[in-house]
Amino acid sequence: MKSHYNQEDMKKMMLFALLTMVTIAVEAANKQKPWDNGRLTVSDNQRFLMHENGTPFFWQGETGWLLPERLDRAEAEWYLQRCREEGYNVVQIQVIDGVPAINIYGQPSHPLPTAKATGYGYWDHLDYIVDLAQQNGIYIGMVAIWGGLVKAGKLSVDEARKYGTFLANRYKNKPNIIWFMGGDIQGDIKPEVWNALATSIKAIDKNHLMTYHPRGRYTSAKWWSKAAWIDFHTFQSGHRKYGQRMGNADYPIPDNTEEDNWMYVDSTWAYKPIRPVLDAEPSYEDIPMGLHDKNEPRWKACDVRRYAYWSVFAGSCGHTYGHNAIMQMLKPGYPTSYGDAGDVKTWYQGLNDPGFQQVKFLSQLILSLPYFDRIPDQSIIVENGKQYDRLIATRGNDYLLVYNYTSRNMKIDLTKIAGDRKNVWWMNAGTGNLRYLGEYESKVLTFRPHKNGFGVEDGVLIAIDAKKDYLKKDQVKIADRTLAGKARDLNE
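Residues numbered from 1 in each chain as written. Predicted model: local features only at pLDDT ≥ 70, side-chain atom pairs only at ≥ 80, totals over all residues. Heavy atoms only, no water.

**Q** Whenever I open this one, the overall build of the chain confuses me. Can you help?
**A** Secondary structure summary: the chain contains 14 helices and 21 strands in total. In the chain, which comprises 492 residues, the proportion classed as buried is 56%. Pairs at least 24 apart in sequence give 69% of the contacts found in the chain among residues at least 6 apart. (Helix = DSSP H or I, 4+ residues; strand = E, 2+ residues; numbered from the N terminus. Buried < 20%, exposed > 50% of the residue type's maximum accessible area, 1.4 Å probe, protein only. Contact = heavy atoms within 4.5 Å.)

So, in structure tokens, the structure goes:
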């Protein structure tokens, strides 16, 4: 078939595409970055992350574990641009997943260079990725070495000190670094190695926060609550469905609570001192339930949303999203580790899945309301349910939020916040659309959520002191107050 475009047309199209990419890069570079508000620190009440100037930092994380190894520079640029567009401000990566790790250019991570490499060497390529993330206003959550390698004896205490020193010196002046110890491993496995690695980094790098990524169904506080180097905790709620034990004899939580990631916030805060906490690895979108059986159902966008709202409304300082294809950076020529039933997506197809695009509605909601007075408060809910029917509530002094996964009726005590009368909205968690329900007297009331054509619409009941204007009555999107008064489609 003859092409519709001649050579001159193709040159013009390529030039236009190049200019578009340059324009996008310039716009990203000129936009205010999070660290313009100062370095990240912990709030006075020890429950949130914030910048030095007092600006809240709500962690909207993305899981890009194999980004340094599997993406080339053009792919990394596209991936990080898409993350920025969808509101992600942290991307979690494995710095190395092998000893040595090999990047897409065939360059090894070891031996460690004594100076900055040139070309597309392993560490030069990682530098490039960190700089790309910086241009896009994104922090890189650096898991220094995956836990299985430490468990296998691939890093001794002495090597950990040298490696930590190398990492700290290389990245201490980058504004967009967050350090992770661990990597899907219990903290009592080679703790001397993790301590050596963490303390060697912290001895040099005084500017960046540090945490620990634990094994599934654990919180980092179990081992590191007293560690001087840990600034905030993470837990991994994991990928199993209710009742899915998988024959694991040392399974650390009770049966039939496998999906209840909200419980990890309270269990983390049971350790002292209290520190901020978040779910750094919940169920991934489009991965088999339980990971290893390709015949199991896949986790869907609604599950991703549920994990996010349950965790944050329980008190988390943010949340990390994950996708089966994206976290592995799957593309032709790379085998999948989980669930190959002949229908595994590529990483770039995963960017179009709904869950990847919907996490931002949670952060937009949280940041539209007074931030630092927010607490979990289940007393707001009268007659709660269990498992999927469990409602979860959080509030400030003059607003409350209740997440409802199954669209069941909600009996809510509006007296728990200030104000004689309350304006009430329903927010669709999948679209960010708002529906104003009316102004109500402050008392216990039953609300019947708006439902879509399928009968179920997970979302958030929002009640605000009628004297406050955090949201407008005719506002149709949680993200944009300028949309108030425009035509709405609440069932899109």
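**Q** Got a minute to help me understand the pairing of strand 21 (residues 459–465) in this structure?
**A** Across a regular strand the side chains alternate sides, sitting on one face of the sheet and then on the other. Summarising burial for strand 21: 7 of the 7 residues are buried, a large majority. The pairing of strand 18 (residues 421–428) with strand 21 spans 7 bridges and is classified as antiparallel. Across the sheet, residue Asn428 finds its bridge partner in strand 21, namely Gly459. (Pairing = 2+ DSSP bridges.)

**Q** Any chance you could explain unusual backbone geometry here in plain terms?
**A** Both trends apply: most residues other than glycine have a negative phi, and most peptide bonds are in trans. Of note, the amide linkage connecting Val99 to Pro100 takes the cis form, showing an omega dihedral of 5 degrees. Within the secondary structure layout, Pro100 lies in the loop between strand 5 (90–94) and helix 4 (122–135). Cis geometry marks the peptide bond from Lys272 to Pro273; its omega dihedral reads 0 degrees. Although it is not a glycine, Arg217 adopts a positive phi angle of roughly 75 degrees. When you line up the elements, Arg217 lands in the loop between strand 8 (210–213) and strand 9 (218–219).

**Q** So what exactly am I meant to see when it comes to the pattern of salt bridges here?
**A** Two side chains with opposite charge may pair up if their charged atoms get near one another. Considering all chains together, one arrives at 25 salt bridges under this definition. Where Lys331 meets Glu75, a salt bridge forms, and the shortest distance between an N and an O atom there is 2.7 Å. Placement of the pair is Lys331 in the loop between helix 11 (324–328) and helix 12 (347–350) and Glu75 in helix 3 (residues 73–85), with a sequence separation of 256 residues. Accessibility assignment for this pair places Lys331 and Glu75 in one class, buried. The salt bridge involving Arg215 is made with Asp184; its shortest N-O contact spans 3.5 Å. You can see Arg215 sitting in the loop between strand 8 and strand 9 and its partner Asp184 sitting in the loop between strand 7 (177–182) and helix 7 (191–204), a full 31 residues away along the chain. On the accessibility criterion, Arg215 (38% relative accessible area) is partly exposed. Residues joined by salt bridges that share partners form a network here, namely Arg82, Glu85, Glu86 and Lys360. (Salt bridge = Lys/Arg side-chain N within 4 Å of Asp/Glu carboxyl O.)

That's the geometry; what it means functionally is another story.
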